[in-house]
Amino acid sequence: DVGKIGARLAVNVAAMDVAAQHARACGVDVTLVRCEFADEHHPLMEGFVEAPRKMVQSAIDDFRSAHEKYLRTHDETPHHIKFPLVREVLALGREAAPDAQFMVLTNGDVTPFPDFYLKLAVLLATGLDAIQFTRVGIAREIMGGWRASTPLHRYLSAVATEPTFLSGHPGADGFAFP
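Note that this is a predicted model, so its numbers are computed, not measured.

Reading the values: the criteria
- Residues numbered from 1 in each chain as written.
- Predicted model: local features only at pLDDT ≥ 70, side-chain atom pairs only at ≥ 80, totals over all residues.
- Heavy atoms only, no water.
- Helix = DSSP H or I, 4+ residues; strand = E, 2+ residues; numbered from the N terminus.
- Buried < 20%, exposed > 50% of the residue type's maximum accessible area, 1.4 Å probe, protein only.
- Areas by Shrake-Rupley, 256 points an atom, 1.4 Å probe, with all protein chains shown as cover.
- Pairing = 2+ DSSP bridges.
- Axes fitted to C-alpha atoms, helices over the stretch in contact; angles between N-to-C directions.
- Contact = heavy atoms within 4.5 Å.
- Salt bridge = Lys/Arg side-chain N within 4 Å of Asp/Glu carboxyl O.
- Core = buried A, V, L, I, M, F, W, Y, C linked by side-chain atoms within 4.5 Å.
- Parallel < 35°, antiparallel > 145°, perpendicular 65-115°, else oblique.
- Arc of directions from axis to C-beta.
- Lys, Arg positive; Asp, Glu negative; His and termini not counted.

Looking only at helices and strands, the chain has eight helices and seven strands in total. Looking at the chain as a whole, 31% of its 178 residues qualify as buried. Total accessible area on the chain stands at roughly 10900 Å², and carbon and sulfur atoms take up 58% of it.

What follows concerns the pairing of strand E7 (residues 174–177). Within a regular beta strand, the side chains point alternately toward one face of the sheet and then the other, so they alternate between its two faces. Every second residue of E7 is oriented toward a common face, the buried set being Gly174 and Ala176 and the non-buried set Phe175 and Phe177. Summarising the sheet, strand E3 (residues 103–106) and E7 pair through four bridges and their orientation is antiparallel. Residue Thr106 lies in a different strand from E7, and its bridge partner there is Gly174. Sheet analysis places strand E4 (residues 131–133) next to E7, joined by three bridges and oriented antiparallel. Each residue of the ladder has a partner; that of Ile131, found in E7, is Ala176.

Through backbone hydrogen bonds, the strands of a sheet pair up, either in parallel or in antiparallel fashion. Reading across the sheet, the three strands line up as E3-E7-E4 and stay open at both edges, with antiparallel pairing between neighbours. Pairing within the sheet leaves two strands with one partner each, and these edge strands are E3 and E4. Strand-to-strand twist in this sheet, taken as the mean axis angle between neighbours without regard to direction, amounts to 10°. Those strands touched by helix H4 (residues 86–96) are E3 and E7, and its axis lies near 130° from that of E3.

Side chains carrying opposite charge are able to pair once their charged atoms draw close together. Counted under the stated rule, the structure contains six salt bridges. Among the ionic pairs, Arg34 bridges to Glu36, the shortest N-O distance being 3.7 Å. Here Arg34 and Glu36 have matching classes, each one buried. For Glu88, the salt bridge goes to Arg53, with nearest N and O atoms at 3.9 Å. Of this pair, Glu88 sits in helix H4 while Arg53 sits in the loop between strand E2 (48–50) and helix H3 (59–73); the two residues are 35 residues apart in sequence, bridging distant segments of the chain. Residue class for Arg53 comes out partly exposed when judged on its relative accessible area of 36%.

In this section: the nonpolar core. Counting residues in hydrophobic clusters, the biggest one holds 21 residues, and the most contacted among them are Val30, Leu32, Tyr117 and Leu120. Contributing elements (two or more residues each) for this core: helix H2 (7–25), helix H5 (116–125) and E4. What Tyr117 contacts, discounting residues up to four positions off in sequence, is Met16, Ala19, Ala20, Ala23, Val30, Leu32, Phe102 and Val104. The next biggest cluster of nonpolar side chains, apart from the first, holds six residues, and it includes Phe37, Ala51, Met55 and Leu92.

The next subject is the environment of Ala19. Considering the arrangement of structural elements, one finds Ala19 in helix H2. For the pair formed by Ala19 and Leu118, sequence separation is 99 residues and the distance between their alpha carbons is 8.3 Å.

Moving on, we come to the packing of H2 against H5. Between H2 and H5, whose axes approach to 7 Å, the crossing angle comes to 55°. In terms of axis orientation, H2 runs oblique to H5. Between H2 and H5, the residues in contact are Met16, Ala19, Ala20, His22 and Ala23 and Phe116, Tyr117 and Leu118, respectively.

In this section: H4. Listing the buried residues of H4 in full gives Glu88, Val89, Leu92 and Gly93. Down the axis, H4 shows its buried residues gathered within 135° of arc, on one side only. Looking at the buried side of H4, the elements it contacts are E3.

In this section: the side chain of Asp17. Locating Asp17 in the fold gives a position in helix H2. Of the side chains with opposite charge, Arg24 lies nearest to the buried Asp17, which makes no salt bridge, at 4.7 Å. Not counting residues up to four positions away in its chain, the partners in contact with Asp17 are Leu32, Glu46 and Gly47.

Okay, structure coming up:
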C-alpha cells in the first residue's frame, strides 16, 4: 500500500527487490528482511520477509536526554527518531536468514541499482571484514528534473550519478558484513 509508506519508499523497496531478483538470477542468493520497532506497523512489501521479532532498543533510547538537550540548545523541537542498533539488526537478519553468506544493512531511503548485491558479493569475496557505503545522487539534469516521469522510470533510466560530496548527503547509508 503505497499510500501508507509513501511513493519514494515504495520505489526504494521495489528497487531492492529488483536488485535481489537480479542477484538471484546470477547465482547470488538474497533474502530481503524487513526489521521494524515494536511500535511501527508498516505493510510488508513484495519480495521481503518479516524479521522473526520486532526491534526493541534504539540508539536514541540510550542517548535521549543528550539529544533533547542538543536540540533545545539549537532552537529545534525535540523529536524522537529511532536509530536501530547494528547489533540488533544483524541478529534479526541472522535469525531470518541463518545460512546467509553476508548481511547488508541498508537505509530505507536508498534506491539500489540492479547490480548492487552482486557488487557487494564480489567485494566481500575478496576477504574484506566489512563495507560501509554511501549513496550517490542521480543527476537531476539527466532526468529533466525530479518530476519528469514516474519514480520507477527515473530509477531505471538513470545513467549518471554524482558522488555524495556533490549531492550534499552526510553519513553512511548502509553496511555489509561477511
